[in-house]
Amino acid sequence: LTSPGAQADSTSKISLRRADYVKPASRDSLVKIDPDELRVETAPSLELLGDVIGKLRKLGHAKKFLESIFDLRDKQLFPRDLLIATVPSKRRRAKKMPAIATGESDAAAAPTASEPPRRVVGMLRRSLKFDKAAGRASVYIDFVWVSPEARGQQVGKRLLCEGVVVGRHKDVRLAVAGSEDNRVAVRLYESVGFRWDEGHYSGPRTEMVLRA
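What you see is a predicted model, and the numbers here were worked out from it, not measured in a lab.

1. Remarks on the pattern of salt bridges
Then, number 1: Under the counting rule described, the total for this entry stands at eleven salt bridges.
Then, number 2: In this structure, the salt-bridge partner of Asp142 is Arg125, at a minimum N-O distance of 3.5 Å. Separated by 17 residues along the polypeptide, Asp142 in strand E4 (residues 136-146) and Arg125 in strand E3 (residues 118-131) bring together distant segments of the chain.
Then, number 3: Residue classification places Asp142 among the partly exposed residues on the basis of a relative accessible area of 27%.

2. Observations regarding helix H3 (residues 50-58)
Then, number 1: Those residues of H3 that fall on the buried side of the exposure criterion are Val52, Ile53 and Leu56. Along the long axis of H3, the arc covered by the buried residues comes to 95°, so they all point the same way. Within H3, the exposed residues directed more than 90 degrees away from the buried face are Arg57 and Lys58.

3. Concerning the nonpolar core
Then, number 1: Counting 30 residues, the largest nonpolar core has Val155 and Phe194 as the members making the most contacts within it.
Then, number 2: Sorting the residues of this core by element identifies strand E2 (82-88), E3, E4, helix H6 (155-163), strand E5 (172-175), helix H7 (183-192) and strand E7 (207-210) as the ones contributing at least two each.
Then, number 3: It is H7 that provides the largest number of residues to this core, a total of four residues.
Then, number 4: Residues contacting Phe194, with those up to four places away along its chain left out, are Leu160, Val164, Val172, Arg173, Leu174, Tyr189, Met208, Val209 and Leu210.
Then, number 5: Core analysis: the next-biggest nonpolar cluster, separate from the first, contains 16 residues, Leu82, Val120, Met123 and Trp145 among them.

4. What to know about the packing of aromatic side chains
Then, number 1: The tally for this structure, following the rule as stated, stands at two aromatic pairs.
Then, number 2: Seen in terms of ring centroids, Phe65 and Phe143 are 5.3 Å apart; in terms of plane orientation they differ by 80°. Their pairing is edge-to-face. Here Phe65, found in helix H4 (residues 63-70), pairs with Phe143, found in strand E4; they are 78 residues apart in sequence, far enough to count as distant.
Then, number 3: Positioned above the aromatic ring of Tyr140 is the side chain of Lys129, whose terminal nitrogen or guanidinium carbon lies 4.9 Å from the ring centre.

5. So, the pairing of E2
Then, number 1: Taken across its seven residues, E2 has six buried, putting it largely inside the fold.
Then, number 2: Summarising the sheet, strand E1 (residues 39-42) and E2 pair through four bridges and their orientation is antiparallel. Paired with Glu41 across the two strands is Ile84, which belongs to E2.
Then, number 3: Inspection of the sheet shows E2 paired to E3 by seven bridges, in the antiparallel sense.

6. Details of the environment of Gln153
Then, number 1: Examined against the element boundaries, Gln153 turns out to sit in the loop between E4 and H6.
Then, number 2: On a C-alpha basis, the gap between Gln153 and Pro35 in space is 8.1 Å, while along the polypeptide they are 118 residues apart.
Then, number 3: Side-chain polar atoms of Gln153 contact the backbone nitrogen of Ile33, separated by 2.7 Å.

Reading the values: the criteria
- Residues numbered from 1 in each chain as written.
- Predicted model: local features only at pLDDT ≥ 70, side-chain atom pairs only at ≥ 80, totals over all residues.
- Heavy atoms only, no water.
- Salt bridge = Lys/Arg side-chain N within 4 Å of Asp/Glu carboxyl O.
- Helix = DSSP H or I, 4+ residues; strand = E, 2+ residues; numbered from the N terminus.
- Buried < 20%, exposed > 50% of the residue type's maximum accessible area, 1.4 Å probe, protein only.
- Arc of directions from axis to C-beta.
- Core = buried A, V, L, I, M, F, W, Y, C linked by side-chain atoms within 4.5 Å.
- Contact = heavy atoms within 4.5 Å.
- Phe/Tyr/Trp six-rings, centres within 6.5 Å; stacked < 30°, edge-to-face > 60°.
- Lys NZ or Arg CZ within 6 Å of the ring centre and 35° of its normal.
- Pairing = 2+ DSSP bridges.
- Polar contact = N/O pair within 3.5 Å; in protein donor to acceptor, adjacent residues only side chain to side chain.

Treat this as a map of the structure, not an account of what it does.
The following block contains the structure:
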């Protein structure tokens, strides 16, 4: 058995990015979110995601990976390829959400003139790819991330529930960051209906699928 001290030392040596995947959020850092104020919509601009991109850079995500998520948008789904979860902001200088006219959540997305500024607490990037095995297009969840202070409050689940719906029913696939070690994420994906895609791996499982 490994001593507690050795375990702590081992945890401290993993990368910030991996720790973000596999370590549960600290309860002391959580900010309570009112479910009625949480909203998921398409991202009208990358300008609103500046804070999120900055946090992901600090965690050590590669520049090319971030470019693939935020800059190389999926032409078939754009602008619905990038979803954001937002809540009212307490900061006076926060930027107001511009009105948008596309996306599954448009009815709740368009702000009024008197609407207070909102801040992004989570995001999901998805794309359409042809699945040779199924002989049809599948939706791929390329990346899901929730700000640490908003975790454990259904933000990720709300994003996923919106993210798996694209037109007609399609299989939805995702690669689990940190593979099976990412137990928190796996439980979230399973709660939405994802299951491990068996038969493709000789090592740790990494891909889950939600069948149409």
